[in-house]
Amino acid sequence: MEAIEKGYFYHIYIRGINSCDLFSSDNDYRRFLHLYEKYLDPIADTYAWCLMPNHFHFLLWIKEDVIYKYSNADRSIDAVRFDEMKWETINQSASVRPDCVRIPNPKNHLSHLFNSYTKYYNKRHDRHGSLFERPFKRKQINHENYLKQLVLYIQNNPIHHGFCDHPIEYPWSSYLSCISDKPTKMKREEVIEWFDDLDNFKFCHQQEIEILQIEKYLEI
């Protein structure tokens, strides 16, 4: 399984173990998004996402210039709780004390997200054991034309699986954030620019996309 490198786009996708459900209520979706913000926002920019009942998709850019900086150099890095971390964007040429910083590992952040959500879900639904297939799948996107196609694929996933007829009808994807003017942490403006403007963004989501071609490329 390929490593996750900084400075690249990745499509991250994972299913429930044995295709089991990952979300059983609106509260589950909300809890996952809360944990997503906690663990992934510090180290990645989000360009598209979709949560389906038994799987989900993210399109992420892994940040290059992020560190965790702490003031107590005598404290073990391993002893620092995630909740106490203060993530900063730094100038790559800036001088920082190596004993006062921590370089984030994107794979670890994803694992934190999955493990934390598993603990929540198991406790809430009186179950035990693994919740996600391992390892989670990831695909580095090196072809610019696939970024636009991936946005369409991810946000049209509910249609592909028969949950709705239009992405505007599905509440658990980034489509609604893209067409809204409400504040969002996802890279909405950049995504819309890939489609030239909002009208074309909406129009493209109404067209058929090459599902089989995309899935073959991504080995889904």
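My aim in this report is to walk through the structure given alongside it, one point at a time. (Residues numbered from 1 in each chain as written. Predicted model: local features only at pLDDT ≥ 70, side-chain atom pairs only at ≥ 80, totals over all residues. Heavy atoms only, no water.)

### As for the sheet that holds strand E3 (residues 55-62)
- Read from one edge of the open sheet, 4 strands run E2-E3-E1-E7, paired in antiparallel fashion. Of all the strands in the sheet, just strand E2 (44-52) and strand E7 (137-141) have a single pairing partner and so form its edges. Shown here is a sheet whose adjacent strand axes are inclined to one another by a mean of 15°, direction ignored.
- Where strand E1 (residues 9-15) and E7 come together, 5 bridges link them in antiparallel fashion. (Pairing = 2+ DSSP bridges. Helix = DSSP H or I, 4+ residues; strand = E, 2+ residues; numbered from the N terminus. Axes fitted to C-alpha atoms, helices over the stretch in contact; angles between N-to-C directions.)

### Here's the deal with helix H3 (residues 144-155)
- Taking 1.5 Å per residue as the helical rise, H3 with its 12 residues ought to reach 16 Å, and the 18 Å between its terminal C-alpha atoms agrees with that figure.
- Among the residues of H3, those classed as buried are Tyr146, Leu147, Leu150, Val151, Leu152, Tyr153, Ile154 and Gln155. (Expected span 1.5 Å × (residues − 1). Buried < 20%, exposed > 50% of the residue type's maximum accessible area, 1.4 Å probe, protein only.)

### Some points on the packing of helix H1 (residues 26-40) against helix H2 (residues 106-124)
- Put simply, H1 and H2 touch, their axes get as near as 9 Å, and they point 155° apart. Relative to H2, H1 is oriented roughly antiparallel. Our pair here, H1 against H2, has a crossing hand that is right-handed. Where H1 abuts H2, its residues Asn27, Asp28, Arg31, Phe32, Leu35, Tyr36, Tyr39 and Leu40 lie against His109, Leu110, His112, Leu113, Ser116, Tyr117, Tyr120, Tyr121 and Arg124. (Parallel < 35°, antiparallel > 145°, perpendicular 65-115°, else oblique. Left-handed = near helix turned anticlockwise from the far one by under 90°. Contact = heavy atoms within 4.5 Å.)

### Observations concerning the packing of aromatic side chains
- Tallied over the entire structure, the rule returns 24 aromatic pairs.
- Ring centres of Tyr29 and Trp172 lie 4.7 Å apart, and the angle between their planes is 5°; on these two criteria the pair is classed as stacked. Highlighted residues: Tyr29 in helix H1 and Trp172 in the loop between helix H4 (157-160) and helix H5 (175-179), separated in sequence by 143 residues. In terms of burial, Tyr29 and Trp172 fall into one category: buried.
- On the numbers, 5.3 Å between centres and 80° between planes, the contact of Phe32 with Tyr117 is edge-to-face. (Phe/Tyr/Trp six-rings, centres within 6.5 Å; stacked < 30°, edge-to-face > 60°.)

### A word on the pattern of salt bridges
- Throughout the structure, instances matching the rule amount to 5 salt bridges.
- Between Asp45 and Lys63 there is a salt bridge whose closest N-O contact spans 3.9 Å. Taken as a pair, Asp45 in strand E2 and Lys63 in the loop between E3 and strand E4 (66-69) lie far apart in primary sequence, 18 residues in all.
- For Asp45, a relative accessible area of 16% puts it in the buried group.
- Classification of Lys63 as partly exposed rests on a relative accessible area of 22%.
- The network of salt bridges with common partners includes Glu37, Asp41 and Lys185. (Salt bridge = Lys/Arg side-chain N within 4 Å of Asp/Glu carboxyl O.)

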